[in-house]
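Residue strings, one per chain:
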Amino acid sequence: MITRIVIAALLGAFTWSLMEYCIHRWMGHDRRFRRSLFGREHVRHHAEGDYFAPTWKKLIVGTVVALLLGTPATLLLGVTGFAWIAGLMGFYTCYEVLHRREHTHPGIGAYGRWARRHHFYHHFVDGRTNHGVTSPLWDLVFGTYRRPATIPVPPRLCMAWLRDPATGGIAPRFAPTFVMREPRGAR
Ligand SMILES: [Zn+2]
Ligand SMILES: [Zn+2]
């Protein structure tokens, strides 16, 4: 029984990982869905850099989705179905925390640094690639994975953690992965 619950929760996390990719790639970056609730919030996130959709909106949408998916799953499969939706919502929460921290704090460890390179390549180099936030899995599956070399950061959108407080430029410990993009017309 315990094994079945653990596997169901892991499958829930796996389900979120696919949803994370699909929602970001299509709802966030496909012109046909640009005017959706997620699409509009996501365009603003890219344009402003430090803008995130309000938590109350996420709580409402998250609760509706949890009820729509979790109710039939629990009615059909009992505690296994409940473990699946709990795993899905638990990993969704991890995604929200990770994404927010990518913008607000430097990465800790190899995974934290990878997650920032992967995500800011998406933000600043090519928004058609690297849609996954928690893993590169679905980018690899769908052929949108790019391994970042150097990421030019527009000065206006540069994260506070990336800056050297003394010079205002990129802190030396983040070079050469990140470089400040020259303002237009500077060359
Ligand atoms: Zn972001
Ligand atoms: Zn995006």
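Structural data are supplied above this passage.
The paragraphs below set out a description of the structure included in this document. What you see is a predicted model; the values in this text were computed from it and never measured.

Cut-off values and rules
Residues numbered from 1 in each chain as written. Chains lettered and ligands numbered in written order. Predicted model: local features only at pLDDT ≥ 70, side-chain atom pairs only at ≥ 80, totals over all residues. Heavy atoms only, no water. Axes fitted to C-alpha atoms, helices over the stretch in contact; angles between N-to-C directions. Helix = DSSP H or I, 4+ residues; strand = E, 2+ residues; numbered from the N terminus. Parallel < 35°, antiparallel > 145°, perpendicular 65-115°, else oblique. Contact = heavy atoms within 4.5 Å. Nonpolar A, V, L, I, M, F, W, Y, C, P; charged D, E, K, R; others polar. Core = buried A, V, L, I, M, F, W, Y, C linked by side-chain atoms within 4.5 Å. Buried < 20%, exposed > 50% of the residue type's maximum accessible area, 1.4 Å probe, protein only.

## With respect to the packing of helix H2 (residues 37-48) against helix H5 (residues 109-124)
At their nearest, the axes of H2 and H5 sit 10 Å apart, and the two run at 95° to each other. With respect to H5, the element H2 is oriented roughly perpendicular. Across the interface between the two elements, His42, His45 and His46 of H2 pack against His119, His122 and His123 of H5. Here the contact of H2 with H5 is composed, by residue class, of no nonpolar, six polar and no charged.

## Some thoughts on the nonpolar core
If you look at the biggest cluster of nonpolar residues, it comprises 14 residues, and the most contacted ones within it are Phe124, Val153, Trp161, Leu162, Ile170, Phe174 and Phe178. Contributions of two or more residues to this core are made by H5 and strand E1 (151-153). With three residues, H5 is the largest single contributor of residues to this core. Once residues within four sequence positions are removed from consideration, tryptophan 161 is found in contact with Glu102, His103, Thr104, His105, Pro106, Arg116, Phe120, Phe174 and Phe178.

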